[in-house]
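# Residue-level structure breakdown
Chain residues, written in single-letter form:
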Amino acid sequence: EEPLVAVEGLSVDFDTPRGTIQALRDIDLTVPKGKVLGIVGESGCGKSTLAYSLIGLLAENARVAGGAIRMGEHDLARLGAAGWRDLRGTRVAMIFQDPMTALNPVTTIGQQMLDIQYRDRISRSEKRARAVEFLEQVQIPDAASKLDAYPHQLSGGMRQRVCIAMALLTQPDLLIADEPTTALDATLEMQIVALLRELQQKFGCSVVFVSHHLGTVAELCDDVAVMYAGEVVERGSARSLFHDPQHPYTQALLDCDPARIKIATRTLPTIPGTLPDLRQPPRGCAFRARCPHAWGRCEREHPPLYPGAAGQRVRCHLSDPAEDAA
Ligand code: SF4
Ligand code: MG
């Protein structure tokens, strides 16, 4: 089946006073229809940049340096402001790390939920009823009474639920969630993740879920892409990634013990060493300096995404079938 979104060779640069940062390098991945794709990696790996490029909200100093993001007849990497006015909040919606990014602090929840329905040709009272219905969908108690509340009158968890309701109200094909539970405690996080899963299944939309929390990704996602230093280093089904990780970076994240991800680790394990300087990405494998298996070839040759046995793709020369033969 044709995917909802196909990211093809996407590269994004950031111009900074200290030089050009190659934040995303040659990203290839697909978002299947009606599935959840998790994007994991350390902070600075480019996962948020990828999420923001899917909804056309890259920073001012960002520049698409190559590639495409195909969704139907559109190339989201090259859509102008007018194109985004048609797609953002209709076909593509986003839930942010901080709910206050999306909420207007001086407008009631009800008014914001009416405003978001400005395209819909239904009466004001019907829009109000839909707003209440969606607040109920995200399990906000006594939903009707919350329409008159201002964002600051709600708890952080309730605010994020409102944001999910507002995103779903636009009935998007693609919902992007950038670490939506980072600001919440572990119990609330589990509730929100369970809610997202339930609503995703009910509404049938595709979700891109950005997270540095492996347990959450294992719980929620059908497919996973692991990012390192602006590249996808491994992607495949959540099952293959968590049960049979192939890339040394994925293995390090999982500490070679899939049982570990069941523990409520809320952060990625720390792997010794630091990310390479993305102003001058290394010539060979970007993970080389931290990899316990690195050898000469890793310094000379940049690894492509080799096909793995379980349908996954792995950016590591160890997965090169020719290495087996040798
Ligand atoms: Fe390690 Fe080499 Fe594989 Fe890179 S290509 S992850 S350095 S073994
Ligand atoms: Mg981020």
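Keep in mind the model is a prediction, meaning the values are calculated, not measured.

Conventions we followed
- Residues numbered from 1 in each chain as written.
- Chains lettered and ligands numbered in written order.
- Predicted model: local features only at pLDDT ≥ 70, side-chain atom pairs only at ≥ 80, totals over all residues.
- Helix = DSSP H or I, 4+ residues; strand = E, 2+ residues; numbered from the N terminus.
- Rg over C-alpha atoms; globule rule 2.2 N^0.38 Å.
- Buried ≥ 20, exposed ≤ 12 C-beta atoms within 10 Å, placed from the backbone.
- Contact = placed C-beta atoms within 7 Å.
- Pairing = 2+ DSSP bridges.

Across its full length, the protein holds 12 helices and 12 strands. For 326 residues, the compact-globule estimate of 2.2 N^0.38 gives 20 Å, and the C-alpha radius of gyration of the protein, at 21 Å, lies within 12% of that figure. Taking the principal axes of the C-alpha coordinates as reference, the protein spans close to 70 × 45 × 40 Å. The burial tally for the protein puts 42% of its 326 residues in the buried class. Here the contacts in the protein between residues at least 6 apart in sequence split such that 64% fall between residues at least 24 apart.

What follows deals with the environment of Pro303. Along the chain, Pro303 turns up in the loop between helix 11 (296–300) and strand 11 (306–307). Between the C-alpha atom of Pro303 and that of Ile21, which follows or precedes it by 282 residues, the distance is 20 Å.

On to unusual backbone geometry. Positive phi outside glycine occurs at Gln171, with the angle close to 45°. For Gln171, the position within the fold is in the loop between helix 6 (156–169) and strand 7 (174–178). Here Glu179, not a glycine, exhibits a phi torsion of approximately 45°, which is positive. For Glu179, the location among the structural elements is in the loop between strand 7 and helix 7 (186–203). On the neighbour-count criterion, Glu179 (21 C-beta atoms within 10 Å) is buried.

We now examine the sheet that holds strand 2 (residues 19–31). Two pairing modes exist for strands in a sheet, parallel and antiparallel, and in both the strands are linked by backbone hydrogen bonds. Spatially, 2-1-4-5 is the arrangement adopted by the four strands of the open sheet, whose pairing is antiparallel. The sheet terminates laterally at strand 2 and strand 5 (74–75), the two strands that pair on one side only. Two strands pair when backbone bridges link them, and strand 4 (residues 62–71) and strand 5 are joined in this way by two bridges, in the antiparallel orientation. Within the sheet, the bridge partner assigned to Arg70 lies in strand 5 and is Asp75.

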